[in-house]
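Descriptive structure summary
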Amino acid sequence: MEGYRYYLAIDIGASGGRHILAHRENEKLCLEEIYRFENRMVRKNGHLCWEMDRLFAEIKAGMARCKAENKIPKSVGIDSWAVDFVLLDEGGKVLGDTVGYRDERTDGMIEAVGNIIPESALYARTGIQQQKFNTIYQLMAIKKEHPEYLKRAQAMLMIPDYFHYLLSGNQSAEYTNASTTQLMDAGKKDWDRELIEMLGFPQRIFQTLSRPGTFVGMLTDEIQKEVGFQCRVVAPATHDTASAVMASPFSGEGAIYISSGTWSLMGIEREQPENSEKSRRYNFTNEGGYDYKYRFLKNIMGLWMIQNVKKELQNKYSFAQLCDMAEQTDFHALVDVDDGCFMAPDSMTEAIQDWCATHGQPVPQTPGELAKCIYESLAHSYARTVEEIEDATGSKYEAINIVGGGANADYLNKLTARISGREVLAGPTEATATGNIAAQMIAAGEFSSLSQARDTIKRSFTIKEYGKGIKK
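Anyway, here's the lowdown on the structure attached to this text. (Residues numbered from 1 in each chain as written. Predicted model: local features only at pLDDT ≥ 70, side-chain atom pairs only at ≥ 80, totals over all residues. Heavy atoms only, no water.)

1. Digging into the environment of Ser276
On the secondary structure map, Ser276 appears in the loop between strand 16 (264–270) and helix 11 (277–282). Residue classification places Ser276 among the partly exposed positions, given a relative accessible area of 27%. Residues Ser276 and Ala433, 157 residues apart in the sequence, show an inter-C-alpha distance of 32 Å. (Helix = DSSP H or I, 4+ residues; strand = E, 2+ residues; numbered from the N terminus. Buried < 20%, exposed > 50% of the residue type's maximum accessible area, 1.4 Å probe, protein only.)

Here it is in structure tokens:
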């Protein structure tokens, strides 16, 4: 406690958030979760929306816990999921509801944007994977449903940027999250102003971009009184996947990474974007990473499916138990995990069963059969993605580094190693918070570079190996 320099990562995911305090001790990084809260979308005014006021109250409550435990951080940084945003009026107030990416308002918006610019031309400019929930399509939906919001808006802030603004009073736009909007020029690493003009979005709402590790400001007087201390607000890599990749200790050594959580983000680090027609057909994206690297990756459905099945089973079984039951059953059926029917079904169990029945597959009935179907389908998707990465880049990869909560999915890791024919290195599990912390510590001079931070991360956490020496 006394003598330690603490840094606070607030990591907010689609289903929950955590406050993680970190410090260095004996040349290792030590993490401590001090606060946890739930997150969810709620139906409001006909749309699925985020509860932004409640989330900010949770952010402040977790920060106050630092004071209660007498562990005052030198800085705080927030990361979250991508693509979602708020529009602010001239007084800094949010216009409308903060609609979430799983909402159906973007239905038909791919076609609406395609009438202005063809998909192939859009990809050549932005390098971003086409997904119906991307910010570009959400803004087009607002333009059609609530054009008055765009007329009044003075700023668009991605979710972490908005919370940093509430903490510090300063508006900013961090690069990694902005890169997911499909509104940036991939080569220039800046907003594509010509594209924005073509789409009819107001130029003024797009803030000057800043790099991860940028100082945003100090806590406002009001926030300081509420949480009980003063500290710096530093923007990490605010897109949670960008932070997770920072904490992938083998990404700098030529391994493919999977940031495994609600989504599985699978890809490699590159110095230049890969926005060829082949990459577009494979539906890869080129998102911004730390130090202006590119995260050449694909969004795969991830653990969202098993998370929903677990809930539909009234949380009767733990994830570990579901893995064990899956491993013990002889059932075999595969689904396309990226089929749109799995995005936000009323019942994930029924969606899986309907897909299998429709496509001539055996229909899973028991919890173990459902889990095996999901895990095997994910592993096959990972294996296929490895081959696509190699084909698109012309490089070979012998290892996959799985980071995030999915690194604990022992059965899925075994399947991934066996089906892909690659060695799987699982860990660290708290990757997003660790990467968030790393950016803050580099900014503070605790690490001289991302390479040094990764070396420390590798020493600090257990990395489990699967399929070592396996050959495809």
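Still to come is the rest of the account.
2. Details of the nonpolar core
Core analysis: the largest hydrophobic core is formed by 51 residues, its most contacted members being Met305, Val335, Phe342, Ile352 and Tyr375. Sort the elements by how many residues they give to this core and helix 15 (residues 367–393) lands first, with eleven residues. Residues contacting Ile352, with those up to four places away along its chain left out, are Met305, Val309, Val335, Phe342, Pro364, Leu370, Cys373 and Ile374. Phe37, Met63, Leu88 and Ile159 belong to the second-largest nonpolar core, a separate cluster that totals 47 residues. (Core = buried A, V, L, I, M, F, W, Y, C linked by side-chain atoms within 4.5 Å. Contact = heavy atoms within 4.5 Å.)

3. Brief notes about the sheet that holds strand 13 (residues 214–218)
What the six strands build is an open sheet, ordered 3-2-1-6-14-13; its pairing is mixed. Every interior strand has two partners, whereas the edge strands, strand 3 (28–38) and strand 13, have only one. If you compare each strand with its neighbour and ignore which way they point, the axes differ by 25 degrees on average. Most of the contacts of helix 17 (residues 431–443) go to strand 1 (residues 6–12), to which it runs at about 140 degrees, and overall it touches strand 1, strand 2 (16–25), strand 3, strand 6 (73–80) and strand 14 (232–235). (Pairing = 2+ DSSP bridges. Axes fitted to C-alpha atoms, helices over the stretch in contact; angles between N-to-C directions.)

4. Some words on the pattern of salt bridges
One pass over the full model with this rule turns up 32 salt bridges. The closest approach of N and O atoms between Arg24 and Glu446, which form a salt bridge, is 3.9 Å. Residue Arg24 is found in strand 2, and its partner Glu446 is found in the loop between helix 17 and helix 18 (450–460); the two are separated by 422 residues along the sequence. Between Arg36 and Glu33 there is a salt bridge, with the nearest N and O atoms lying 2.7 Å from each other. (Salt bridge = Lys/Arg side-chain N within 4 Å of Asp/Glu carboxyl O.)

5. Points about the packing of aromatic side chains
Using the criterion set out here, one finds 15 aromatic pairs in the structure. Ring geometry for Tyr101 versus Phe133: centroids 5.6 Å apart, planes at 65 degrees, classification edge-to-face. Placement of Tyr101 in the loop between strand 7 (85–88) and helix 2 (109–114) and of Phe133 in the loop between helix 3 (119–126) and helix 4 (135–145) is noted, with a sequence separation of 32 residues between them. Each member of the pair Tyr101 and Phe133 is classed as buried. Grouped by ring-pair contacts, the aromatic residues Trp50, Trp81, Tyr101, Phe133 and Trp263 constitute a single cluster. Above the plane of the ring of Phe284 lies Lys298, whose end atom (NZ or CZ) is 5.0 Å from the centre. Taking NZ or CZ as reference, Lys310 lies 5.0 Å from the ring centre of Phe319, over its face. (Phe/Tyr/Trp six-rings, centres within 6.5 Å; stacked < 30°, edge-to-face > 60°. Lys NZ or Arg CZ within 6 Å of the ring centre and 35° of its normal.)

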